[in-house]
Amino acid sequence: MNIGAALSILQREFPAVSVSKIRFLEDQGLVTPHRTPAGYRTYSQADVERLRFALTAQRDSFLPLKVIRERLADLDAGAGSAQAPAPGARVVTEDGELVGAQGRTRMTAAQLAEAADCPTEQVEVLAAAGLITADAGSKYPAGAIEIVRLAGQLAEHGIEARHLRSVRTAAERELDLIDQLVAPARSVRSGPSSAASRAKAHSLASDLAETFNALHTALIRAGIDRLQ
């Protein structure tokens, strides 16, 4: 099937998924669609299942791409223990209990550190650098898990939180631009079209974020090529 047909299947379960998201996951090595002689991508049912696995793992368990890639590799190798996270897979709660995206997703610094498998001090350093932000109750959102994990991977190479402030600033500028672009759709506050407008705004914002992410990756790779 072509990418549009694959997208149509996935959108039944993941309404916000986009062509750019699929291409991003391909770029990250999670799926390798066949290429026709003309260069067009064609997807098998197995490719769609790999994409569903990755999207479910991100949505329900907030797994980083590295872990998802490792689990897919286990499946490719025939490891029976590698299974896709079930809907409602667990993350973390105020009580230290793990819950999924459908449950509570606010956590203390200690619970965030446990979920990200890092020292609490690392969470505090990232918070001080403005890379993660707690609410008025000193609780962090579940999305902070991925930030802490990625920052930890960079820290292994000597990149400290202070070095990442420019990354945060660039992300905030991109977010401001996305906000301006989706504002008209999000501004519909009442009436039968309000819910549809908000859904459209969210979908557009997700698509733009993935495109920004893909562009950032392409720019970095082009820069690496110049270093060789």
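Residues numbered from 1 in each chain as written. Predicted model: local features only at pLDDT ≥ 70, side-chain atom pairs only at ≥ 80, totals over all residues. Heavy atoms only, no water.

The chain appears in an unreviewed UniProt entry as MerR family transcriptional regulator from Occultella gossypii.

Asks: Explain the environment of A16 residue by residue, including any values.
Replies: If you trace the backbone, A16 turns up in the loop between α1 (3–11) and α2 (19–27). Ignoring any residue separated from it by four or fewer positions in sequence, one finds A16 in contact with H202, S206 and D207. (Helix = DSSP H or I, 4+ residues; strand = E, 2+ residues; numbered from the N terminus. Contact = heavy atoms within 4.5 Å.)

Asks: Quick one: what's the story with the packing of helix α5 (residues 109–116) against helix α7 (residues 144–155), residue by residue and with numbers?
Replies: Between α5 and α7, whose axes approach to 9 Å, the crossing angle comes to 60 degrees. In terms of their interaxial angle, α5 and α7 are classed as oblique. The handedness of the crossing between α5 and α7 comes out as right-handed. Counting all contacts with α5, which are made through L112, A115 and A116, the residues of α7 involved are A144, I145, V148 and R149. Residues of the contact of α5 with α7, tallied by class, amount to 6 nonpolar, no polar and 1 charged. (Axes fitted to C-alpha atoms, helices over the stretch in contact; angles between N-to-C directions. Parallel < 35°, antiparallel > 145°, perpendicular 65-115°, else oblique. Left-handed = near helix turned anticlockwise from the far one by under 90°. Nonpolar A, V, L, I, M, F, W, Y, C, P; charged D, E, K, R; others polar.)

Asks: Account for unusual backbone geometry, with residues named and values stated.
Replies: A positive phi angle is found at S138, which is not glycine, with a value near 60 degrees. By the secondary structure assignment, S138 is in the loop between α6 (120–128) and β4 (140–141).

Asks: Residue-level account of the environment of P184, with values.
Replies: Note that P184 resides in helix α8 (residues 165–186). Overall, P184 belongs to the exposed group, its relative accessible area being 56%. Distance in space between the C-alpha atoms of P184 and R198 is 9.9 Å, their sequence separation being 14 residues. (Buried < 20%, exposed > 50% of the residue type's maximum accessible area, 1.4 Å probe, protein only.)

Asks: How would you explain the nonpolar core if you had to name every residue and give the values?
Replies: Counting 23 residues, the largest nonpolar core has L10, V17, I22, L25, L30, L51 and I68 as its most contacted members. For this core, the secondary structure elements donating two or more residues are α1, α2, α3 (45–61) and α4 (65–76). A total of 6 residues in this core trace back to one element, the largest contributor, which is α3. If we skip the residues at most four places from it in the chain, I22 touches I3, L7, L10, V17, Y43 and L51. Formed by 20 residues, the second largest nonpolar core is a distinct cluster that contains A116, C118, I132 and A142. (Core = buried A, V, L, I, M, F, W, Y, C linked by side-chain atoms within 4.5 Å.)

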